[in-house]
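# Residue-level structural notes
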Amino acid sequence: MHKRRSCIVPILTWLVAMVPLGAHAATFCVNSAASLQAALTTSVNNGQNDLIAIVAGNYTVVPGGFFYSADEANSITIIGGYSAGCMQLTTARTTLNGNGLYRVMTIVIGSSSTAASVNIERITFIDGKATNDVGGGLEISALNGDVYLEANRFLLNHADNNAGGLYLGTASGSLTMRNNLFFLNDGREFGAAQLLTGSSDAYVTGNTVVDNTANSTLPPPHVGGLEAIGASGSHLWLSNNILWNNNAGGAVDLLTTRVFTAFNNDIGIRTGTAPDAQSQNNLSVDPGFATCSGLLCSNFNLVRASALVDAGYDTPPGGAGAFDLEGKPRKVGPHVDIGAFEEDVLFANGFD
């Protein structure tokens, strides 16, 4: 594992929420595990688009894990990091902890309406376990609605089958997965995440996927990092991601079985379909992570001398997002950085 420097607390905060509370027909402000599950349960059949705002803090999952399964033609949005009373969005973390017992969260969308979308932002999914199942941190199964994941952390999750961190399956809705971190997740055949999408596009942008593990006795390839599968007619856009050191010395960082275009990624070991002719500016180099102290430091900031600083694509398909995973501006310097963390030029001299 790479050594990284001491983490720097972000100096910027979001003064307003990226998704205003008033933009949804039904809003919930929750500050406990019980109230979070209650909000999820109420949202199932209230006939409205729902926003669940979670106050920053640490929450141990309810028995069985947080669960939402709906057939409504309405959206569900879950955002962490709010201040008390959900008055504003901050850089403080909302952590949902499976305690090594349960999958942290399950989202099932049964409606075939394109309005039945899923949006999850700024949540840390940690220490989840999917027993004889997939997606230890988070499982999302949807039909025609779009799925959007932004600025989440998936840490130390386990699945007895596939996808220790995230299992995501959509039939025909599009996927946007942007500025997320996958670290120390493990599954049988796929470690960090497994993305199964139907006929629509998938935009995977600015994620850091590092040190995840596939514990498989099956024939290779074993995918410690990310697997992306798509049906005929679908397209994967892969931009500004770090996929590195997943199963060091053995497994694969990326497996694709669909047509894809890769812009400005840093990928260690790749297998499956090859990037198309549009692809450009991809690397396979040690990312150069800064030293970070602590038992589980999950801030993979880059040293200023890293080849990935200012090496990203500023306008990738699906967009780069306004902020990085820590809440800093997504573009600091001449270009965006590769990965989920933007290097702060205030510390370019190497001193904290």
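Note on numbering: residues in each chain are counted from 1, in written sequence order. Two thresholds apply to this predicted model, a pLDDT of at least 70 for residue-level local features and 80 or more for giving and counting side-chain atom pairs, whereas whole-chain, interface and lining totals are computed over all residues. Remark: hydrogens and water are excluded; side-chain values derive from all non-hydrogen atoms of the structure.

## A few points about the overall build of the protein
We count a stretch as a helix when DSSP gives it H or I for four or more residues in a row; a strand needs E for two or more, and each element gets its number in order from the N terminus. For the protein, the count of helices and strands is one helix and 29 strands. Sorting the 352 residues of the protein into buried and exposed places 57% on the buried side. In short, Shrake-Rupley with a 1.4 Å probe defines the accessible areas, and a residue's cover is counted only from the protein chains shown. Accessible surface, the protein as shown: approximately 12,800 Å² in total, 55% of it carbon and sulfur. Accessibility here uses a 1.4 Å probe with only protein chains present; expressed as a share of the type maximum, an area under 20% marks a residue as buried, one over 50% as exposed, and anything in between as partly exposed.

## Topic: the confidence of the model for the protein
Confidence of the predictor at the level of single residues is given by pLDDT, which spans 0 to 100. In this model, the protein carries an average pLDDT of 89, and 89% of its residues clear a pLDDT of 70 or more. The contact criterion used is simple: two residues touch if any of their non-hydrogen atoms lie within 4.5 Å. Per-residue pLDDT stays below 50 along residues 347-352; that stretch engages in seven contacts with residues further than four places along the chain or on separate chains.

## Comments concerning unusual backbone geometry
Note on backbone geometry: most residues besides glycine have negative phi, and most peptide bonds are trans. Of note in the backbone geometry, Leu 156 takes a positive phi value of approximately 60° without being a glycine. Since its relative accessible area comes to 37%, Leu 156 is described here as partly exposed. One non-glycine residue, Asn 179, adopts positive backbone phi at about 60°. Within the element layout of this structure, Asn 179 appears in the loop between strand S16 (175-178) and strand S17 (181-183). The class of Asn 179 is buried, set by a relative accessible area of 0%.

## Considerations on the packing of aromatic side chains
Pairing of aromatic rings covers Phe, Tyr and Trp, the last through its six-membered ring, and needs centres within 6.5 Å; plane angles under 30 degrees mean stacked, over 60 mean edge-to-face, and all others mean tilted. All told, the structure shown has six aromatic pairs when counted by the stated rule. Centre to centre, the rings of Phe 125 and Phe 154 are 5.1 Å apart; their planes meet at 10°, and the pair counts as stacked. Of this pair, Phe 125 sits in strand S9 (residues 123-126) while Phe 154 sits in strand S13 (residues 153-155), and the two are 29 residues apart along the sequence. Summarising the burial analysis for this pair, Phe 125 and Phe 154 share the class buried. Geometrically, the ring pair formed by Trp 237 and Phe 263 is stacked, given 6.5 Å between the ring centres and 25° between the ring planes. Of this pair, Trp 237 sits in strand S24 (residues 236-239) while Phe 263 sits in strand S27 (residues 260-263), and the two are 26 residues apart along the sequence. Ring pairing ties together the aromatic residues Phe 125, Phe 154 and Phe 182, which thus form one cluster.

## Here's the deal with the state of the cysteines
When two cysteine sulfur atoms are found within 2.5 Å, that pair is recorded as a disulfide. Counting across every chain of the model gives one disulfide. Here Cys 29 is linked by a disulfide to Cys 86, with a sulfur-sulfur distance of 2.1 Å. The sign of the 85° torsion about the S-S bond sets the Cys 29-Cys 86 disulfide as right-handed. One end of the pair, Cys 29, is in strand S1 (residues 26-30); the other, Cys 86, is in the loop between strand S5 (76-82) and strand S6 (94-97), and 57 residues separate them in sequence. On the accessibility criterion, Cys 29 (43% relative accessible area) is partly exposed.

## Points about the side chain of Thr 94
For Thr 94, the location among the structural elements is in strand S6. Among the polar contacts listed, one links the side chain of Thr 94 to the backbone oxygen of Ile 54, at a separation of 3.5 Å. Not counting chain neighbours up to four residues away, the residues in contact with Thr 94 comprise Ile 54, Val 55, Ala 56, Gly 57, Tyr 59, Gly 80, Gly 81, Arg 122, Ile 123 and Thr 124. Polar contact criterion, stated in full: a pair of N or O atoms within 3.5 Å, where within protein one must be able to donate a hydrogen and the other to accept it, and residues adjacent in sequence count only if both atoms are side-chain atoms.

## Quick look at the environment of Asn 215
For Asn 215, the position within the fold is in the loop between strand S22 (213-214) and strand S23 (223-230). Its relative accessible area of 44% is what places Asn 215 among the partly exposed residues. Residues Asn 215 and Gly 187 lie 28 residues apart in sequence; the distance between their C-alpha atoms is 6.0 Å. Those residues in contact with Asn 215 that lie beyond four places of it in its chain are Asp 186, Gly 187 and Arg 188.

## Section: the nonpolar core
Buried residues of nine kinds, namely Ala, Val, Leu, Ile, Met, Phe, Trp, Tyr and Cys, make up a nonpolar core once their side-chain atoms join them within 4.5 Å. Of all hydrophobic cores here, the largest spans 60 residues; its most connected members are Ile 52, Ile 78, Met 105, Ile 107, Ile 120, Leu 138 and Leu 166. When residues in this core are grouped by element, the largest group, five residues, is from strand S2 (residues 50-55). Contacts of Ile 107, omitting those with residues within four sequence positions, involve Tyr 68, Ile 78, Val 118, Ile 120, Leu 138, Glu 139, Ile 140 and Ser 141.

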